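Residue-level structural notes
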Amino acid sequence: ENYKKIVEDIEDKSDVKELQIPKSLNKTLRQYQKIGFKWLSTLDEYGFGGILADDMGLGKTIQVLSLILAYKEKAKQDKKPIIVVCPSSLSLNWKAEIEKFASDILAIVISGNMAIRKEQIKQISKVDVVITSYDLLKRDIELYKEYNYEFRYIIADEAQYMKNSNTQNAKAIKALNGKTRFALTGTPIENSLSELWSIFDFLM
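Bear in mind the structure is a predicted one, so any value in this text is a computation, not a measurement. (Residues numbered from 1 in each chain as written. Predicted model: local features only at pLDDT ≥ 70, side-chain atom pairs only at ≥ 80, totals over all residues. Heavy atoms only, no water.)

1. Brief notes about the side chain of E195
Here is the rule: Only DSSP runs of H or I with at least four residues qualify as helices, and only runs of E with at least two residues qualify as strands; both kinds are numbered from the N terminus onward. Each residue's exposure class comes from its accessible area (1.4 Å probe, protein chains only) as a fraction of the maximum for that residue type: buried when under 20%, exposed when over 50%, partly exposed otherwise. Charged residues are defined narrowly, with Lys and Arg counted positive, Asp and Glu counted negative, and His plus the chain ends left uncounted. The working definition used for a salt bridge is a side-chain nitrogen of Lys or Arg within 4 Å of a carboxyl oxygen of Asp or Glu. The contact criterion used is simple: two residues touch if any of their non-hydrogen atoms lie within 4.5 Å.
Topologically, E195 is positioned in helix α8 (residues 193-203). The buried charged residue E195 lacks any salt bridge, with K163 as its nearest oppositely charged partner at 4.3 Å. Residues contacting E195, with those up to four places away along its chain left out, are K163, P188, I189 and E190.

2. Some details on unusual backbone geometry
For residues besides glycine, phi is generally negative; the peptide bonds are generally trans as well. Positive phi, normally seen in glycine, also occurs at N148, with a value near 55 degrees. Note that N148 resides in the loop between α6 (134-147) and β5 (151-157). Residue E158 is not a glycine yet carries a positive backbone phi of 50 degrees. Here E158 shows up in the loop between β5 and α7 (168-175).

3. Some words on the sheet that holds strand β3 (residues 107-109)
Our working rule: For two strands to be treated as a pair, DSSP must find at least two bridges joining them. Between the N-to-C directions of two axes lies an angle of 0 to 180 degrees, each axis being a line fitted to C-alpha atoms and, for a helix, fitted only over the stretch in contact.
The six strands are arranged β1-β6-β5-β2-β4-β3 in an open sheet whose pairing can be described as parallel. At either end of the open sheet lies a strand with only one pairing partner, and these are β1 (50-52) and β3. When the angles between neighbouring strand axes are averaged without regard to direction, this sheet yields 20 degrees. In terms of strand pairing, β1 meets strand β6 (residues 178-184) through three bridges, oriented parallel.

4. Examining the layout of surface pockets
How we decide: Buried and open spaces are told apart on a 1 Å grid over the protein atoms alone, a cavity being a set of points where a 1.4 Å probe fits but cannot get out and a pocket being an open set with protein on both sides within 12 Å along at least five of seven lines. Residues with an atom within 4 Å of a point are the lining residues. Grid points are joined across faces, edges and corners, and a volume is the space filled by probe spheres set on the points.
A volume near 350 Å³ is recorded for the second largest pocket. Taken together, 18 residues line the second largest pocket, and the ones lying closest to its centre are G57, L58, G59, K60 and T61. Among the secondary structure elements, those contributing two or more residues to the lining of the second largest pocket are α2 (31-45), α3 (60-74) and α4 (91-101). When residues in the lining of the second largest pocket are grouped by element, the largest group, four residues, is from α4.

5. Examining the nonpolar core
Just so we agree on the cut-off: The criterion is simple. A nonpolar core is a set of buried Ala, Val, Leu, Ile, Met, Phe, Trp, Tyr and Cys residues joined through side-chain atoms within 4.5 Å.
Of all hydrophobic cores here, the largest spans 31 residues; its most connected members are W94, I105, V129, I131 and I155. If you list the elements that add at least two residues to this core, you get α2, α3, β2 (82-86), α4, β3, β4 (129-133), β5 and β6. Among the elements that take part in this core, α3 stands out by supplying eight residues, more than any other. Leave out the neighbours within four places in its chain, and V129 touches I68, I82, V84, I98, I105, L106, A107 and I108. Ranked by size, the runner-up nonpolar core spans 26 residues in total, among them I121, I124, V130 and L137.

Right, here's the structure in full:
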């Protein structure tokens, strides 16, 4: 009965007419982006993770930023930080997108040598979003465990980077503690079904 109710509720909420886009978002979402934002929000409401698998260039980042802003607007107190894990080449791009479209979000990019990163990681509870790379996360994962951070969202961008469940990339991101996990990738399967399994292993 609970399962049937969840399915019915999700179908009822598929109408985007009543969608409340965060007021502080500095961009007008296209219709399919509104649907994507609504889908992410509905999954989150029921405690599910999911894969946003729009093709490259269709605005997966802006849909996730909408979700983060909505959380920031609702959770006035007891806000938990959010972590975005992405290829190192995209870290500064995430920061730039936040500054351009969601300037209310306070974000830091983890970078530099080990001593610098340790200081940055120590400050995570003071920011809304922390951005790090798969490569740095696998080097720093013990620090995240040491500080016992619980993230509101764990966002895996270009999630095909953890397609092999035995790699340090995959093991590190799966070791993070978070309430809701989302994967962003235009290619959830590149070569074999086991790649999709590894992403779902992260989500669940």
